[in-house]
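# Structure at a glance
The residues making up each chain are set out below.
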Amino acid sequence: MKLLLFDIDGTLLKPMQSGRDHIEYVLGELCGQTISTEDVAFSGRTDPQILRDTLRLAGFGPEEIEELLPVALTHYTAHATYIPEEVESSDGVVELLEYLKPNKDVQLALLTGNVRVTAYRKLAAVQLDDLFPFGAFGCDDADRNKLPAIAAKRALEYCGRTFTGENIVIIGDSVHDITCGREIGALSVAVATGFTSYQHLKSANPHVLLQDLTSIHEFCTQARIEQNTC
Ligand SMILES: [Mg+2]
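The next subject is unusual backbone geometry. Despite not being glycine, Gln 127 has its phi angle at roughly 55°, a positive value. Residue placement: Gln 127 occurs in the loop between α5 (116–124) and β3 (135–136). Assessed through its relative accessible area of 64%, Gln 127 is described here as exposed. Phi is positive for Arg 224, close to 60°, though the residue is something other than glycine.

This part is about the coordination of the magnesium ion. The protein atoms donating to the magnesium ion are Asp 7 (OD), Asp 9 (O) and Asp 173 (OD), with metal-donor distances spanning 2.1 to 2.2 Å. Counting along the primary sequence, the residues that act as donors to the magnesium ion give the motif D-x1-D-x163-D. Residue Asp 7 is located in the loop between β1 (2–6) and α1 (18–31), and its partner Asp 173 is located in the loop between β4 (168–172) and α7 (175–180); the two are separated by 166 residues in the primary sequence. Look at Asp 7 and you get buried, because its relative accessible area is 5%.

Turning our eyes to something else, we now look at the environment of Gly 181. Tracing the backbone shows Gly 181 in the loop between α7 and β5 (187–191). Excluding its chain neighbours within four sequence positions, the residues that come into contact with Gly 181 are Pro 148, Ile 170 and Ala 186.

This part takes up the packing of aromatic side chains. Evaluated as defined, the whole model comprises four aromatic pairs. Taken together, a centroid distance of 6.1 Å and an interplanar angle of 70° make the contact between Phe 6 and Phe 132 edge-to-face. You can see Phe 6 sitting in strand β1 and its partner Phe 132 sitting in the loop between α5 and β3, a full 126 residues away along the chain. Like Phe 6, the residue Phe 132 is buried in the burial classification. A centroid spacing of 6.3 Å and a plane angle of 20° characterise the contact between Phe 6 and Phe 219, whose relative ring orientation is stacked. Of the two residues, Phe 6 is situated in strand β1 and Phe 219 in helix α9 (residues 216–222); the sequence distance between them amounts to 213 residues. Aromatic ring contacts, followed pair by pair, group Phe 6, Phe 132 and Phe 219 into a single cluster. Geometry around Phe 42 places Arg 20 over its ring, the cationic atom sitting 4.0 Å from the centre.

Time to look at the sheet that holds β3. Pairing is parallel in the open sheet, where six strands are placed in the order β3-β2-β1-β4-β5-β6. In this open sheet, the two strands that pair with only one neighbour each are β3 and β6 (208–210). Note: β1 against β4, four bridges, orientation parallel. Paired with Leu 3 across the strands is Ile 168, a residue of β4.

This part covers the domain arrangement of the chain. Domain boundaries in the chain define domain 1 (2–15 + 85–222) and domain 2 (18–79). With centres defined by C-alpha atoms, the gap from domain 1 to domain 2 works out at 25 Å. Listed per partner, the contact involves 17 residues of domain 1 and twelve residues of domain 2. Buried area between domain 1 and domain 2, both sides added, is near 1,100 Å², and the carbon and sulfur share of it is 51%. The tally of links between domain 1 and domain 2 comes to zero salt bridges. Counting across the domain 1 and domain 2 interface gives seven residue pairs in polar contact (both at pLDDT 80 or more). Looking at the side of domain 1 that touches domain 2, the elements with two or more residues in it are α5 and α7. Among the elements that take part in the side of domain 1 that touches domain 2, α5 stands out by supplying three residues, more than any other. Looking at the side of domain 1 that touches domain 2 residue by residue, the class counts come to four nonpolar, seven polar and six charged.

Compared with the 18 Å implied by 1.5 Å per residue over 13 residues, the 18 Å span of helix α6 (residues 147–159) between its first and last C-alpha is a close match. Every buried residue of α6 is listed here: Leu 147, Pro 148, Ala 151, Ala 152 and Ala 155. Down the axis of α6, the smallest arc covering the buried residues is 140°, so these residues share one side. Away from its buried face, by an angle of more than 90 degrees, α6 presents the exposed residues Lys 153 and Glu 157. Looking at the buried residues of α6, the elements they touch are β1, β2 (106–111), β3, β4 and α7. Once α6 ends, the next one or two residues include Gly 160, with phi positive near 65°.

Cut-offs used in this document
Residues numbered from 1 in each chain as written. Predicted model: local features only at pLDDT ≥ 70, side-chain atom pairs only at ≥ 80, totals over all residues. Heavy atoms only, no water. Helix = DSSP H or I, 4+ residues; strand = E, 2+ residues; numbered from the N terminus. Buried < 20%, exposed > 50% of the residue type's maximum accessible area, 1.4 Å probe, protein only. Donors = N, O, S within 2.8 Å, 3.2 Å for Na, K, Ca; no water. Contact = heavy atoms within 4.5 Å. Phe/Tyr/Trp six-rings, centres within 6.5 Å; stacked < 30°, edge-to-face > 60°. Lys NZ or Arg CZ within 6 Å of the ring centre and 35° of its normal. Pairing = 2+ DSSP bridges. Domains from an automatic or database assignment. Buried area = accessible area lost by both parts, 1.4 Å probe. Salt bridge = Lys/Arg side-chain N within 4 Å of Asp/Glu carboxyl O. Polar contact = N/O pair within 3.5 Å; in protein donor to acceptor, adjacent residues only side chain to side chain. Nonpolar A, V, L, I, M, F, W, Y, C, P; charged D, E, K, R; others polar. Expected span 1.5 Å × (residues − 1). Arc of directions from axis to C-beta.

Structure below.
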């Protein structure tokens, strides 16, 4: 059985501008100054990392950031709501998930830099939230490399199975999605549906590299998922 850990932004969902807008608004209100995320990298990074970098680039020192960060995270979580019109699933994702859901060879879950509340809020806007009973999130650890082990621990709690090595499949659109599972020997499936180009993803040596998730057969074959166990 495989544990499939899906990233959200740029993978399950098309990339959105509103994440930047929410962070600029919340930090602007909190700090009483104009905040820009223009020079902050978002792709594949956790919300606490993004908030920390934004504050640092706005001129705040380490101690001020430590003080502001928990409050900023709380305000951001409360403020970051999404209307269905601005959230769109990536091409092929709905069909792929519908196919995978009854497949007894897979357990669906999340691995995302979003904090838990925001992750499920985004997925709820496109009615995909119910498909993912658990996951590992940016609120579990700011370091994405720690999230695969957390997801595996939750999988053990949820389904009573120990997932290791290539039975853990991490699907994501950024270099960080590819590298975060290396420590536990997970299989990485990179998809060029986010802001990172196919060539750039290729240079990070994922086990599997796909243009998108529109071919169920290609995904299952490459991710080594049994296709006759529905
Ligand atoms: Mg992503």
